[in-house]
Amino acid sequence: MARAMESSSKSKKESILIKYAVVSRLLVLFLTVLWRSFLQPYDTSAALNPPCLHHRDVPEDSPPLLVANSVSKTLENSVVWDSVYFLRITQCGYEYEQTYAFLPLLPFFISLLSRTVFAPLVALIGLRAVMVLSGYVVTNLAFVLAAIYLFRVSVIILKDTEASFRASVIFCFNPASIFYSSIYSESLYALFSIGGVYHLLSGASNVAVLWFALSGCARSNGILNAGYICFQTMHRAYEAFYLKRRVCVLLTGFIRCVCICLPFVAFQAYGYYNMCHGHKLDDELRPWCKAKVPLLYNFIQSHYWGVGFLRYFQFKQLPNFLLASPILSLAVCSIVSYMKTRPELFTSLGFQATEKEKSSSARLYSLKDALEPDVIVSSNEGSRDIRQRRSSRKKDVTITTNAAAESNSPEASGYFSADVLPFVVHLGLMAATAFFIMHVQVATRFLSASPPLYWFASHLIASPKHSKWGYLMWSYCAAYILLGSLLFSNFYPFT
């Protein structure tokens, strides 16, 4: 009965969350149209669409009908910043070196919808407008699905439906919302990253690997999701060695990590073949083609955008550091708070987790789904014997007291549980990368798909001691939604 009520509560919360996610996307799109109608864009060249350099098998962009001309112009004029690159890649492929900085998953989905579901609209509004419409549908739909997966992951990790719901609602109105409703890859990355985590926690490791690999096809930082597999493999290998079980944990984990990184590596090889293959003279080769490890993506980021370690630490970039300071401060506070609350767990990378936490963990520490059922039983018996030998000198009363104290420990659930650790480590790596290497203002959208940010924010909002932080959090999200929809939609710089 209790499980049925809990399941019903989760279903109701998920239904409400879907409404929040849809409303948040409609709100952002409405603000985008509103600001666009009031202000003149800073750059009006985005609507230009020169012919492709190379012939491609795509339908000709016939002129739209007079009735639909305004719709076509509205859609095409909404294309700004990186959206221009994604649409160009969809229509013409990878023509220039710098376009290889944009991975192919989003163009693939845009092309798929343009050729199938929305193909009849080409005669009405033109091919490019149909591609724009397809892009908006893909990104906004992916965002709604990402919000659903975040809620499901949060329920598994936090073991608190209310806290999970709060965190997911904050995600629906996150400060990088404008990018999740634009033709950007953030929505697809969030969907496949968070969805991959959900499948990993559900025991479908191979499905999780596929989703993580797809996240690497959306954004380059998707390969960092292999860290979850590494964390799981590390603890499973230790447990297998400790219990003297012959399980190919390390080999399995290594193969899975390779599979996650493979699509990104394959895309680099594709770029190398297109840009470097067939040039007989060294003078015709680009500098990165001659490198021992020719990484096209790193060269593009460094050469065209000036990305590199401490290269953005300039006085003139101070406004951009201020723009990124809220999200970076939230990330640092969430990490430091976890470190202070669970110092031994953090410094030991989870090896100091209690037996109760490991046994109730969401498949991140245990060998439960890596062994056969009979092996699981024997493993549990073996671990129980080990624990019994370790505690043989203690009295039964002491054991009972410790068990009761552990069950009442505030760290056993919520944001400070052992299950949150790999997410905090992942967030720390992402935040350090954003601050020291990237254009720092990008941190707002770069970190926006990190679940621990929303778990920590949910924790602060629910805490009576930090009630003022709730108002500050929502004010920050509202301000950046308004500011982002105003600046970004009119081709002014914003993160």
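Not measured: the values here are computed from a predicted model.

K.L.:
Give me the lowdown on the overall build of the chain, citing residues and values where you can.
P.N.:
For the chain, the count of helices and strands is 22 helices and 0 strands. The buried share among the 495 residues of the chain stands at 48%. Summed over all atoms, the accessible surface of the chain reaches about 24600 Å², with 65% contributed by carbon and sulfur.

K.L.:
Summarise the UniProt feature "transmembrane region" (unreviewed entry) in the chain; cite the residues concerned and give the values.
P.N.:
Here the UniProt-annotated "transmembrane region" (unreviewed entry) positions come out as residues 20-38, 118-151, 247-273, 320-339, 423-448 and 469-492. Helix makes up 69% of residues 423-448 and strand 0%, whereas the separation of the span's terminal C-alpha atoms amounts to 13 Å. Within residues 469-492, the helical portion is 88% and the strand portion 0%, while the C-alpha atoms at the span's ends are 30 Å from each other.

K.L.:
Got a sec to walk through the packing of aromatic side chains? Specific residues and values, please.
P.N.:
This model, assessed by the stated rule, comprises 44 aromatic pairs. Their ring planes at 50 degrees and their centres at 6.2 Å tell us that Y100 and Y270 sit as a pair that is tilted. Here Y270 lies in helix 12 (residues 249-276) and Y100 lies in the loop between helix 3 (82-92) and helix 4 (105-115), a separation of 170 residues in the sequence. Seen in terms of ring centroids, F179 and F488 are 5.0 Å apart; in terms of plane orientation they differ by 70 degrees. Their pairing is edge-to-face. Of this pair, F179 sits in helix 8 (residues 177-180) while F488 sits in helix 22 (residues 467-489), placing them 309 residues apart in sequence. Using a relative accessible area of 3% as the deciding quantity, one classes F488 as buried.

K.L.:
Residues and numbers for the pattern of salt bridges, please.
P.N.:
Here the structure, examined in full by the defined rule, presents 9 salt bridges. With a closest N to O distance of 2.9 Å, R286 and E97 form a salt bridge. Pair noted here: R286 is in the loop between helix 12 and helix 13 (296-305) and E97 is in the loop between helix 3 and helix 4, with a separation of 189 residues, a long-range link. A salt bridge links K159 to D419, with the shortest nitrogen-to-oxygen separation between them at 3.2 Å. Here K159 is found in the loop between helix 6 (127-158) and helix 7 (161-172), whereas its partner D419 is found in the loop between helix 18 (396-407) and helix 19 (421-436), with 260 residues between them in sequence. By relative accessible area, which is 43% here, K159 ends up partly exposed.

K.L.:
Hey, could you go over the nonpolar core for me, with residue numbers and the actual values?
P.N.:
With 134 residues, the main nonpolar core has F171, Y338, L447 and W455 as its most contacted residues. The leading source of residues in this core is helix 6, at 20 residues.

K.L.:
Explain the state of the cysteines residue by residue, including any values.
P.N.:
Counted according to the given criterion, the structure contains 2 disulfides. Between the sulfur of C52 and that of C92 lies a disulfide, 1.9 Å long from S to S. Between C52 and C92, the S-S dihedral sits near -65 degrees, and the bridge is therefore left-handed. Of the two residues, C52 sits in the loop between helix 1 (2-38) and helix 2 (69-77) while C92 sits in helix 3, which places them 40 residues apart along the sequence. Each sulfur in the disulfide pair C276 and C289 lies 1.8 Å from the other. Here the disulfide of C276 and C289 is left-handed, its torsion about the S-S bond being about -70 degrees. Residue C276 is located in helix 12, and its partner C289 is located in the loop between helix 12 and helix 13; the two are separated by 13 residues in the primary sequence. Sequence-ordered numbering of the bonded cysteines in the chain gives a pairing of 1-2, 3-4. Counting only cysteine sulfurs, C257 is the nearest neighbor of C261, a cysteine outside any disulfide, at a range of 6.7 Å.

Cut-offs and rules
- Residues numbered from 1 in each chain as written.
- Predicted model: local features only at pLDDT ≥ 70, side-chain atom pairs only at ≥ 80, totals over all residues.
- Heavy atoms only, no water.
- Helix = DSSP H or I, 4+ residues; strand = E, 2+ residues; numbered from the N terminus.
- Buried < 20%, exposed > 50% of the residue type's maximum accessible area, 1.4 Å probe, protein only.
- Areas by Shrake-Rupley, 256 points an atom, 1.4 Å probe, with all protein chains shown as cover.
- UniProt positions renumbered as here; feature names shortened; annotations may be inferred.
- Phe/Tyr/Trp six-rings, centres within 6.5 Å; stacked < 30°, edge-to-face > 60°.
- Salt bridge = Lys/Arg side-chain N within 4 Å of Asp/Glu carboxyl O.
- Core = buried A, V, L, I, M, F, W, Y, C linked by side-chain atoms within 4.5 Å.
- Disulfide = S-S within 2.5 Å.

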